[in-house]
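# Fold and geometry: a report
Residue-level listing of the chains:
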Amino acid sequence: DANDIWDRIRRGFGMPDLDSQRVMDQQSFYLNRPRFLKQVFERGGRYLYYIVDELERRGMPTELALLPMVESSFNPMAASPARALGMWQFIPSTGKTYNLQQNWWMDQRRDIVASTGAALDYLQTIYEMHGDWHLALASYNWGENAVARAVAKNQAKGLHTDYRSLKMPGETRYYVPKLQAIKNIVAQPQLFGFALDPIPNRPYFGTVERSGNMDVALAARLAEIPLDEFIALNPAYSRPVMP
């Protein structure tokens, strides 16, 4: 049985490894910031069990549980200049495609359960489209049509069509190396002299059905947890009331 969530993630690794100078650079970047790394892993500790559970249920590689670290540093309130929102950084249109409600009351792109389900649906779809996880990740970052066009361009020239061979923007070029660097650190923290704090292999939160509207502060009080912790687990609500 897995000792903790990291152990469980390691056992479910299912993507080919990328070995390149960019991966080394990213590894150095993270390892030179151990406090940042610890803080992000600690924040992720609230969500990792749920994400890993969902990935295993769907038979998907558990490396994907580390993707929100690349996207948002596991911050469900993260917002990008391109109007991407939440832990998985959905833009409004992709959010709509994957049935994430966005209205005055709430934005499910920030909802832990809803956005994780949508992100894994989306990742599975783009994986099936390309048959390759690195290209699926490039699509997640750059858009599946942009990746498909880059693949077609290389095919026409008789060139390789793997992730490393495609022409792509800098951000996308560094996207898989970032995830690979985090995967390497999680795989062998002792090799890098990094102390990876254990995260228990058990659910961190449960879900409760509500029959009516409820005040966020009251809900936190009834749940007997601090308000900021309640909001970290229920970040979708834009108003003091949950409809």
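Attention in this report is confined to the structure presented alongside it. (Residues numbered from 1 in each chain as written. Predicted model: local features only at pLDDT ≥ 70, side-chain atom pairs only at ≥ 80, totals over all residues. Heavy atoms only, no water.)

## A closer look at the overall build of the chain
If you tally the helices and strands in the chain, you get 13 helices and two strands. Computed over the C-alpha atoms, the radius of gyration of the chain is 19 Å, within 12% of the 18 Å expected from 2.2 N^0.38 for a compact globule of 243 residues. Referenced to the eigenvectors of the C-alpha coordinate spread, the extents of the chain come out at roughly 60 × 40 × 30 Å. Of all 243 residues assigned to the chain, the portion counted as buried reaches 48%. For the chain, the proportion of contacts with a sequence separation of at least 24, taken over those separated by at least 6, is 65%. A gap of 7 Å separates the mean positions of the 27 positive and 26 negative side-chain charges of the chain. (Helix = DSSP H or I, 4+ residues; strand = E, 2+ residues; numbered from the N terminus. Rg over C-alpha atoms; globule rule 2.2 N^0.38 Å. Buried < 20%, exposed > 50% of the residue type's maximum accessible area, 1.4 Å probe, protein only. Contact = heavy atoms within 4.5 Å. Lys, Arg positive; Asp, Glu negative; His and termini not counted. Charge placed at Lys NZ, Arg CZ, Asp CG, Glu CD.)

## A few points about a positive patch on the surface
The grouping of R149, K153, K157 and K167 at the surface amounts to a positive patch. Looking at the secondary structure, you find K153 in helix α9 (residues 144-156). Taking the relative accessible area as the measure of exposure, K153 reaches 57% and is therefore exposed. (Patch = residues over 30% accessible without salt bridge, like charges linked within 9 Å, V, L, I, M, F, W, Y side chains within 5 Å. Areas by Shrake-Rupley, 256 points an atom, 1.4 Å probe, with all protein chains shown as cover. Salt bridge = Lys/Arg side-chain N within 4 Å of Asp/Glu carboxyl O.)

## Looking at the nonpolar core
Counting 60 residues, the largest nonpolar core has W6, F41, L67, W88, L123, L137 and Y140 as its most contacted members. Beyond its immediate sequence surroundings of up to four residues, W88 is in contact with I51, L64, L67, P68, E71, S115, T116, A119, L120, L123 and Y140. If you look at the next biggest cluster of nonpolar residues, it comprises seven residues, including V216, A220, F230 and M242. (Core = buried A, V, L, I, M, F, W, Y, C linked by side-chain atoms within 4.5 Å.)

## What to know about the environment of E71
As for its position among the elements, E71 is in helix α5 (residues 67-72). Residues E71 and G86 lie 15 residues apart in sequence; the distance between their C-alpha atoms is 8.8 Å. The contacts of E71, once residues within four sequence positions are left out, are M87, W88, Q89, Y140 and Y175. There is a polar contact of 2.4 Å between the side chain of E71 and the side chain of Y175. (Polar contact = N/O pair within 3.5 Å; in protein donor to acceptor, adjacent residues only side chain to side chain.)

## Structural notes on a nonpolar patch on the surface
Together, M77, L227 and I231 make up an exposed nonpolar region whose accessible area comes to about 240 Å². Here M77 is to be found in the loop between α5 and α6 (92-97). A residue is classified by how much of its surface remains accessible, and M77, at 43% relative accessible area, is partly exposed.

## Thoughts on the side chain of E229
Along the polypeptide, E229 turns up in helix α13 (residues 227-233). Other than its neighbours up to four places away in sequence, E229 contacts R46 and Y204.

## Description of the packing of aromatic side chains
Applying the stated criterion across every chain, the model contains eight aromatic pairs. Residues W6 and F41 carry aromatic rings whose centres are separated by 5.0 Å and whose planes lie at 70 degrees to one another, so their mutual orientation is edge-to-face. With W6 in helix α1 (residues 5-11) and F41 in helix α3 (residues 34-44), this pair connects stretches of sequence that are 35 residues apart. Both residues of the pair, W6 and F41, count as buried. On the basis of an interplanar angle of 40 degrees and a centroid distance of 5.5 Å, the ring pair of Y50 and F205 is categorised as tilted. (Phe/Tyr/Trp six-rings, centres within 6.5 Å; stacked < 30°, edge-to-face > 60°.)

## Considering unusual backbone geometry
Unlike most non-glycine residues, R83 shows phi in positive territory, near 70 degrees. For R83, the position within the fold is in the loop between α5 and α6. In the Ramachandran plot, Q89 falls in the positive-phi region, its phi being about 55 degrees despite a non-glycine side chain. With respect to the element layout, Q89 can be found in the loop between α5 and α6.

## Things to note about the packing of helix α4 (residues 48-58) against helix α7 (residues 112-130)
Between α4 and α7, the least distance of the axes is 11 Å, while the angle of their chain directions is 35 degrees. The crossing of α4 and α7 is right-handed. Here Y50, I51, E54, L55 and R58 of α4 come into contact with α7, specifically with V113, T116, G117, L120 and D121. For the contact of α4 with α7, a count of residues per class yields five nonpolar, two polar and three charged. (Axes fitted to C-alpha atoms, helices over the stretch in contact; angles between N-to-C directions. Left-handed = near helix turned anticlockwise from the far one by under 90°. Nonpolar A, V, L, I, M, F, W, Y, C, P; charged D, E, K, R; others polar.)

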